[in-house]
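Geometric and topological summary
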Amino acid sequence: MASTVATVLRDNIHTLRTSLLSLDINLLTTHPTASPLFPYFTIVTVAVVANTLYHLTKSYPSVPFHVPVPEEALPGWKGGNILKNPSIQDPARPDQIVCYDPSTGRHFATIRAHTKADVDAALAKARRAQAKWEKTTFAQRKIVLQSLLDFILLHQESICRVAARDTGKTMVDGKFGEILTTCERIRWTLAHGEDALKDEHRDPGLLMFYKSARVQYRPMGVVAALVSWNYPFHNTFGPLITALFAGNGILIKASEQVAWSTTTYFAQIARTCLEACGHDPELVQFLVGFQECGEAVVKSGVDGITFIGSPQVGAKVATAASYNLTPCVLELGGKDVAIVNKDVDLTAVVPILMRGVFQNCGQNCIGLERIIVHESLHESLIEIACSRIKQLKQGPPLELENIDCGAMTMSGRNKALEGLIKDAVKDGATLVHGGKGYSHPQFPDGQFFAPTLITDLRSDMKIAQEEAFAPIMAVFKFKTLDEAIAIANSTRYCLGSNVFSRNQKEGRYMMDRLKVGMSNLNDFGVNYLCQSLPFGGVGMSGYGRFGGPEGLRAVCHQKAVTMDRWPSLIQTFLPPVLQYPMNNVGDAIVVTRDLVNIIYAGWVGRVKAVFEIVKVLLVGANEPEQL
């Protein structure tokens, strides 16, 4: 029987080798079943698909729970007074946050801004809850995440409507940026988080061959996340998912721009989920407030900080955190590029560029702020893009149907954006479309900026250097690959990048020379949908990473541990010549010198060192100490 199996195996290996040596590509592509490699390709394909489906569909125990949807997010809601020139802060009531729909100006809530006293109380509650939570198993934490995932899947529409009401984004933008990304973060964490946080064994080296060496990842304690307003659900739950799975408690300081959605709905989802699963809801604390609140969180004594926001505020966070030596992960501004090489199909690429520029009205940290196109394709790209941009429908997404672009979440942005456009045109740029604020005929109090197309830009223009965070397609031209690289690297922001090129070699050439934290070839922003990858930038775009194993480990203490490999056979023994007090320092010097040679010298030196050590241990070296 054994010989038969061996014969079959040998014949199969021979067939595979022969097939590989004489592989006919045309045969594989035109008549794949006729190829001798077909059975092997079939087996590999089935195995890959089965493994993928297993990880995608594998689920853990789940606990159902319910959170009521705020009335203001329900279909048909038309309440609230229309605010003229709205602002989130009323000078007459500086301790209150004015919450309104930026696409209509409808006021729907006024919320008290949290203070330092609120922060201190929240941290105390989270620490008490975390002391119990860190003792939970990964299996228990997975139940919480699975329960959360199931809730999100059942209530996608409500989550997106709440986010749309508070930020003015469209439902589709919500599905992409709030739901899809959060679900993928949970899926990856469920499938791979435990492996990322398992003890990691390391090579102890020859000197410590009798020891085992490992790195342990232990929860920091209570961490804080100060997150931006552009995706209020995902930006809140992304760091929350990571912190909880690693065994931490967390303070979420959400932007005052999204105080209503955070406190009214999103916080309740997290806390109710924990409570339904039998855990203390005080483990997660949600705070909203102005500068005082943010500063209090940073200086509160939390064990780690994640900040998502502007470089200016990020620098202040890092400075304040330094007083307690609190480690930080900073994800700051971006001026991401898409380099379009001369060989691409614009009919396929332009739709991707449009999504990269106008998704969430350009209010994305990895949104496409600069399109760098080969000069031979410039006119065609402008023509195709302009035709599409002119057809974009803008307005309040919860009031009108078929809206492509919603509102600018922050008030008062239009003046600065119009200034960027005017300065560029003055310096020689060509404004093709848009370039100014848009007053909707039915909703004149909405905060809209018209989808814009501007070209003939140079790297020394202000619009090429400042983060716009707006629906502006800014186009540059290049002749050579190195010129495209120079344009891309001309800004202080170094977050993400995207290269479009059919020529893979040229695409890789450009990607390898871009000074950024992330790159995609022939796509936009998909690195963030690969949650196994770390997310972050370099330079003024920040430091540290979230996402992937690196993100989970960033909220852990890394503890180096050694143990005896064979405790009953060998343990560390210090020979008398090296024990304090030393009777003969000269002998000790010889022994330590020869020990180094045994480990690191060549074979001749090692053999010589062994004999010298034996001699010293038996009769002494009789070498005087050199003074």
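Sequence order as written defines the numbering, with residues in each chain counted from 1. Totals for whole chains, interfaces and linings use all residues, but because this is a predicted model, local features are given only for residues with pLDDT of at least 70 and pairs of side-chain atoms are given and counted only at 80 or more. Excluding hydrogens and water, the side-chain values take into account all heavy atoms of the structure.

**With respect to the overall build of the protein**
This is how the line gets drawn: For the purposes of this entry, the term helix denotes a DSSP run of H or I that reaches at least four residues, the term strand denotes a run of E that reaches at least two, and both are numbered from the N terminus. Accessible areas in this description were obtained via Shrake-Rupley with a 1.4 Å probe; residue shielding takes into account the shown protein chains only.
The helix and strand inventory of the protein stands at 20 helices and 22 strands. Element-wise, carbon and sulfur atoms account for 58% of the exposed surface of the protein, whose accessible area totals about 29,700 Å².

**Topic: the pattern of salt bridges**
For the record, the criterion: We define a salt bridge as a side-chain nitrogen of Lys or Arg found within 4 Å of a carboxyl oxygen belonging to Asp or Glu. For every residue, the accessible area (1.4 Å probe, protein chains only) is compared with the maximum for its type, and the residue is labelled buried under 20%, exposed over 50%, or partly exposed between those bounds.
Within this structure, the stated rule accounts for 31 salt bridges. In this structure, Asp101 engages Arg165 in a salt bridge whose closest nitrogen and oxygen atoms are separated by 2.9 Å. A residue pair is termed long-range when its members are at least 10 positions apart, and Asp101 in the loop between β1 (96-100) and β2 (107-112) and Arg165 in helix α6 (residues 156-167) qualify at 64 residues. Arg165 matches Asp101 in its accessibility class, with the two residues each being buried. The residue Glu466 makes a salt bridge to Lys462 at a minimum N-O spacing of 3.9 Å. Of the residues examined, Lys462 reaches a relative accessible area of 41% and is grouped as partly exposed. Overlapping salt bridges, with partners in common, bring together Lys78, Asp101, Arg106, Arg165 and Glu399 in one network.

**So, a nonpolar patch on the surface**
We count it as follows: Without a salt bridge and with relative accessible area above 30%, a residue can belong to a patch; like charges are then joined within 9 Å and nonpolar side chains (Val, Leu, Ile, Met, Phe, Trp, Tyr) within 5 Å.
A cluster of nonpolar side chains, contributed by Leu207, Met208, Leu595, Val596 and Tyr600, occupies part of the molecular surface with about 460 Å² of accessible area. By the secondary structure assignment, Leu595 is in helix α19 (residues 585-600).

**Considerations on the sheet that holds strand β3 (residues 200-202)**
Note the cut-off: At least two bridges found by DSSP between two strands is the condition for calling them paired. Every axis corresponds to a line fitted to the C-alpha atoms, with the helix fit spanning only the stretch in contact, and the corresponding angles, defined between N-to-C directions, vary from 0 to 180 degrees.
What the three strands build is an open sheet, ordered β3-β4-β22; its pairing is antiparallel. Looking at the sheet topology across the chains shown, the edges are occupied by β3 and β22 (556-564). Ignoring strand direction, the axes of neighbouring strands in this sheet form an average angle of 30°. When strand β4 (residues 211-219) meets β22, the two strands line up antiparallel, connected through nine bridges.

**Topic: the confidence of the model for the protein**
Do not read the fine detail of predicted coordinates wherever pLDDT is low. For clarity, the threshold we go by: Note: pLDDT gives the predictor's confidence per residue, expressed from 0 to 100. Between two residues, a contact is recorded if the distance between any of their heavy atoms is within 4.5 Å.
Residues with a pLDDT of 70 or more make up 90% of the protein, whose mean pLDDT is 92. When the criterion is pLDDT under 50, residues 15-30 qualifies, and its contacts beyond four places in sequence or with other chains add up to 15 contacts.

**Description of the packing of aromatic side chains**
Here is the rule we go by: The criterion for an aromatic pair is that two Phe, Tyr or Trp rings (for Trp, the six-membered ring) have centres within 6.5 Å, with stacked assigned to planes under 30 degrees apart, edge-to-face to planes over 60 apart and tilted to the rest. Ring-over charges, as used throughout, are those where CZ of Arg or NZ of Lys falls within 6 Å of the ring centre and within 35 degrees of the ring normal.
Counted under the stated rule, the structure contains 13 aromatic pairs. Seen from their ring centres, Phe65 and Phe151 are 4.7 Å apart, and the 5° between their planes marks the pair as stacked. Here Phe65, found in the loop between α3 (38-57) and β1, pairs with Phe151, found in helix α5 (residues 138-154); they are 86 residues apart in sequence, far enough to count as distant. An aromatic cluster of at least three residues, connected via ring pairs, comprises Phe233, Phe237, Tyr265 and Phe266. Over the ring of Trp566 we find Arg565; its NZ or CZ atom is 5.6 Å from the centre of that ring.

**Examining unusual backbone geometry**
If a residue is not glycine, its phi is most likely negative; likewise, a peptide bond is most likely trans. Cis rather than trans, the peptide bond between Tyr580 and Pro581 has omega equal to -10°. Summarising the element assignment, Pro581 is placed in the loop between β22 and α19. Within the chain, Asn360 stands out as a residue other than glycine whose phi angle is a positive 55°. Summarising the element assignment, Asn360 is placed in the loop between α12 (346-358) and β11 (368-374). Owing to a relative accessible area of 2%, Asn360 belongs among the buried residues under this scheme.

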